[in-house]
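Spelled out, the chains give:
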Amino acid sequence: MQSVSSMSSLDHFWLVIFCAIVAFIPRFFPLLFFTKRKIPEWFNEWMRFVPVSLFTALVVKSVFIDSKYQVMTSGNLGMIISAIIVGFIAFRTRSMTLSVVIGLVSVMIFVLVLHI
Amino acid sequence: MKKNEPNWLMVLRTVMPLGLSYIPIGLACGVLLHAAGFNHLLTALISVLVFSGGAQFLIASMLTINAPMTTIILMMFFLELRYALLGSSLSRYLKGQRLPFIFFFAFSMNDENYAVNYLKFATDKQWKPSQAMLVEHYSLLFWTVSNIVGSLIGSALTINLSVVDFALTALFIYMAIMQTKSRLTILVCALSGVLTIFFLVLMKSTLGLVVATLLASLTGYFIERQLIAHKPESHLLYKVHDPTGHSAMEEDSDK
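Residues numbered from 1 in each chain as written. Chains lettered and ligands numbered in written order. Predicted model: local features only at pLDDT ≥ 70, side-chain atom pairs only at ≥ 80, totals over all residues.

Here's the deal with the nonpolar core
We count it as follows: Take the buried Ala, Val, Leu, Ile, Met, Phe, Trp, Tyr and Cys residues, join any whose C-beta atoms are within 7 Å, and the set you get is a nonpolar core. Exposure is read from a count of other C-beta atoms within 10 Å of each residue's own; the residue is exposed at 12 or fewer, buried at 20 or more and partly exposed in between. C-beta atoms are placed from the backbone. For the purpose of contact definition, each residue receives a C-beta atom placed from its backbone, and two residues are in contact when these atoms lie within 7 Å.
B:Leu171, B:Phe172, B:Ile173 and B:Tyr174 are the most contacted members of the largest nonpolar core, which totals 100 residues. The residues touching B:Phe172, leaving out its near neighbours within four places in the chain, are A:Phe55, A:Leu58, A:Val59 and B:Ala115.

Quick look at the environment of B:Ile59
Rules: Secondary structure elements follow DSSP: runs of H or I no shorter than four residues count as helices, runs of E no shorter than two count as strands, and numbering proceeds from the N terminus.
Along the chain, the position of B:Ile59 falls in helix α3 (residues 53–64). Separated by 36 residues in sequence, B:Ile59 and B:Ile23 have C-alpha atoms that sit 19 Å apart. Apart from residues lying up to four places away in sequence, B:Ile59 is in contact with A:Cys19 and B:Ile72.

A closer look at the interface of chain B and chain A
Quoted interface sizes are often the accessible area lost when the parts come together. We apply this condition: Each residue is assigned to one class: nonpolar for Ala, Val, Leu, Ile, Met, Phe, Trp, Tyr, Cys and Pro, charged for Asp, Glu, Lys and Arg, and polar for all the others, Gly among them.
In this assembly, 86 residues from chain B lie in contact with 69 residues from chain A. At 16 residues, the largest contribution of residues to the side of chain B that touches chain A is made by helix α9 (residues 161–179) of chain B. The class makeup of the residues in the side of chain B that touches chain A is 54 nonpolar, 25 polar and seven charged.

Some remarks on the domain arrangement of chain B
Residues and elements named next belong to chain B. Keep this limit in mind: The split of the chain into domains comes from an automatic or database domain assignment.
When cut into domains, chain B gives domain 1 (7–180) and domain 2 (182–238). Between domain 1 and domain 2, the contact holds eight residues from the first and nine residues from the second. For the side of domain 1 that touches domain 2, the residue count by class is five nonpolar, two polar and one charged.

Given below as structure tokens:
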């Protein structure tokens, strides 16, 4: 067992290298496999639903789940309202910049000023 | 799109919203890594090699609670497994590319630049793999510079993480809305949300994201197949109204 105090920069260096390797493996091999082979039609049809499912999952995780993997029961009302506002802005304007900027302003007002 | 606009500028314009939202998050990440004992050089290295906000936040917080190295690497592995899905779903747009291209493309792919590229590939037939690679490199540049600056500023900066993190949440909400093409997609989103909460709480790891995504997307696929085969007039297959009237939501016809 190592602690922060005993972890040297060399340990950190190896940590970065190992993390880079485990990060690279799932990014590279599926991509390589499916770009080199004929992709079956059902696979493409299925993959069409992957991005939207993943984006929703990431949003739900950051709005409703805390860092200990428990459902947030308080303190996230500002984020929920901001998320709805962003969804509305995105639907109406189709502008990525507007969605992000208005989302950030709204969450700042709700969380930092109103504390909800 | 403006005429005669050089390629690098056009791609930069595409990646700009992402790049700007990376600045506060990258700063925060650099500050945290600095607090966890990383020096500036290592912060730069991890930003380039790992290039994932979630992963770098996780490493910083694990280091501050004295987690052993093997635990951190194992958690990283589960956290990064979702990239297998990203790669698989982009692969049909990258067919015929050479091995070095695939290697470097995979190396710098993450949630956010994947989102930008998937949307461009799905809506813009002119979008080329080389431009997708440029998107990755621009976002990598924004990310790494922000991390280094954060690391240099160090503790002089106090940051509310939940606020900063919301920039990415907003980005993903936008992406999800842009991907919502039929009523069935809305159903898949709802299902994915419920499954995400269930599996994250159950599994206590981001692997729950992978399971929820797999189940929700498979359900969507099977419902669509059943409907097209047996009930093609179903309301679920209706297109979602686009208030701007742009054709950006239309599927590419060469699928």
